[in-house]
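Listed below are the residues making up each chain.
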Amino acid sequence: FDESVNQALGILGDAARVDRVYIWHFHDSPTPEINPAKHTSQLYEWSQGAEPQLENQLMRNCPVPDSCPTWMDIFAQNKCVNSLVRDMHPLEQAQLVPQGIVSILTAPITIHGSLWGFIGFDDCHTEYCWTPEEENILRAVGTMIGTAIHNRHIHEALRDSRERFRRVAEATGEIIWTLDRNGRVTHVSERILPVLGYTPESLFGKRLRSIMMDPLAYYRHPLTADEPFLR
């Protein structure tokens, strides 16, 4: 996945003839008790003709008010930051000048109506202002890549949750399940098979009430007095 994202950024960077292309993500502060402000971290970067910055510690967990104080208002209007660095806010210049950036274009990435992050171009050699057409291309590509990254994180969290569920179920030796808000089974432990004769997969999406009322389950595998029932 990471290689695919980097390849996509490389294609975009070559086509736009820029020195860097990158993806940043907005997130909660890692130390909310000390600094509750929103933070941002760089996730991906392609660079050619400029020193890579991804491994720079300053690219991780940056408080938004310190790193890009004016960008959030611009992004909130669904607009791009398209500027020469020498014309930017002093705090932003302090971040960008050491990276050798002369001109910058960043576009917001919005997912499900919320500002998720941004994608950006750096030009380290030329003072250049990008056209509206170029802004739209960057915005569209950023949305596609950002959505893919966001979905991947969701799938990884779901996979980890299922693995924790499996370990708990194995440790207890009992039937454990999860339901959605409509009372339908989203996951159930393997213990269901010897007790009621169902495979876990056959119950996904079914209402718990209909499973409990199925007379075939009892006759298929009647419970003994010392056998745990559904919990």
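All of these numbers come straight from a predicted model, not from anything done at the bench. (Residues numbered from 1 in each chain as written. Predicted model: local features only at pLDDT ≥ 70, side-chain atom pairs only at ≥ 80, totals over all residues. Heavy atoms only, no water.)

**Student:** Break down the sheet that holds strand β1 (residues 20-27) for me, citing the residues and quoting the values.
**Tutor:** Read from one edge to the other, the open sheet built from six strands follows the order β3-β2-β1-β6-β5-β4, with strand pairing classed as antiparallel. Bordering the open sheet on either side are β3 (62-63) and β4 (81-84), each of which pairs with just one other strand. Note: β4 against strand β5 (residues 103-111), four bridges, orientation antiparallel. Its bridge partner lying in β5, L84 is registered against S103. In the packing of helix α1 (residues 2-16) onto the sheet, the strands contacted are β1, β2 (39-47) and β6 (114-123), and the crossing angle to β2 comes to about 70 degrees. (Pairing = 2+ DSSP bridges. Helix = DSSP H or I, 4+ residues; strand = E, 2+ residues; numbered from the N terminus. Contact = heavy atoms within 4.5 Å. Axes fitted to C-alpha atoms, helices over the stretch in contact; angles between N-to-C directions.)

**Student:** So what's going on with the pattern of salt bridges? Residues and values would help.
**Tutor:** Tallying each qualifying case throughout the model produces seven salt bridges. Put simply, R20 and D122 hold a salt bridge, and the shortest N to O gap is 3.1 Å. Linking R20 in strand β1 with D122 in strand β6, this pair joins segments that are 102 residues apart in sequence. The exposure classification of R20 matches that of D122, with both residues buried. A salt bridge links D87 to R86; the shortest N-O distance between them is 3.5 Å. Across the pair, R86 and D87 agree in class, each one exposed. Several salt bridges converge on common partners, so that one network encompasses D2, R152 and E156. (Salt bridge = Lys/Arg side-chain N within 4 Å of Asp/Glu carboxyl O. Buried < 20%, exposed > 50% of the residue type's maximum accessible area, 1.4 Å probe, protein only.)

**Student:** Run through the nonpolar core, naming residues and quoting values.
**Tutor:** With 21 residues, the main nonpolar core has L9, V21, I23, I119 and F121 as its most contacted residues. Elements supplying a minimum of two residues to this core: α1, β1, β2, β5, β6 and α5 (132-172). The contacts of V21, once residues within four sequence positions are left out, are L9, L12, G13, Y44, E45, W46, I119, G120 and F121. (Core = buried A, V, L, I, M, F, W, Y, C linked by side-chain atoms within 4.5 Å.)

**Student:** Now, about the packing of aromatic side chains: what can you tell me, with residues and values included?
**Tutor:** We describe a pair of aromatic rings using the distance from one ring centre to the other and the angle between the two ring planes. Evaluated as defined, the whole model comprises eight aromatic pairs. Look at Y128 and W130: their rings are 5.2 Å apart centre to centre, the planes differ by 90 degrees, and that puts the pair in the edge-to-face class. In textbook terms, an aromatic cluster arises when at least three aromatic residues are bridged by ring pairs, as seen for W24, F26, W71, F75 and F118. (Phe/Tyr/Trp six-rings, centres within 6.5 Å; stacked < 30°, edge-to-face > 60°.)

**Student:** Tell me about unusual backbone geometry, and please be specific about residues and values.
**Tutor:** Trans is the prevailing form of peptide bonds, just as negative phi is the prevailing case for residues other than glycine. Despite not being glycine, N61 has its phi angle at roughly 55 degrees, a positive value. Residue placement: N61 occurs in the loop between β2 and β3. By relative accessible area, N61 is classed as partly exposed at 40%. Although it is not a glycine, H112 adopts a positive phi angle of roughly 55 degrees. Here H112 lies in the loop between β5 and β6.

**Student:** With reference to specific residues and values, describe α1.
**Tutor:** Here α1 spans 21 Å end to end across 15 residues, near enough to the 21 Å set by a 1.5 Å rise per residue. All buried positions along α1 are accounted for by V5, L9, G10, L12 and G13. The arc enclosing the buried residues of α1, seen along the axis, measures out at 165 degrees, which places them on a common side. Facing away from the buried surface of α1 by more than 90 degrees, the exposed residues are E3, I11 and A15. (Expected span 1.5 Å × (residues − 1). Arc of directions from axis to C-beta.)

**Student:** I'd love a proper account of the environment of R207, names of residues and values included.
**Tutor:** Counting through the fold element by element, R207 comes out in the loop between α7 (200-203) and α8 (208-212). The exposure class of R207 is partly exposed, given its relative accessible area of 40%. Between the C-alpha atom of R207 and that of D180, which follows or precedes it by 27 residues, the distance is 9.4 Å. In contact with R207, other than residues within four places in its own chain, are N182, G183 and R184. For R207, the side chain forms a polar contact with the main-chain oxygen of N182, separated by 2.6 Å. (Polar contact = N/O pair within 3.5 Å; in protein donor to acceptor, adjacent residues only side chain to side chain.)

**Student:** Summarise the pairing of strand β8 (residues 185-188); cite the residues concerned and give the values.
**Tutor:** The side chains of a regular strand alternate between both faces of the sheet. Where strand β7 (residues 177-179) and β8 come together, three bridges link them in antiparallel fashion. From the neighbouring strand, L179 faces β8, where its bridge partner is V185. Linking β7 to β8, which pair antiparallel, is a turn of five residues; within it G183 sits at a positive phi near 80 degrees.

**Student:** Please set out the state of the cysteines residue by residue, giving values where relevant.
**Tutor:** For the structure on display, the rule yields zero disulfides. Here C62 stays free of any disulfide, with the sulfur of C68 as its closest cysteine sulfur at 8.2 Å. Unpaired in terms of disulfides, C124 finds its nearest cysteine sulfur in C129, a separation of 15 Å. Taking relative accessible area as the criterion, C124 reaches 15% and is therefore assigned buried. (Disulfide = S-S within 2.5 Å.)

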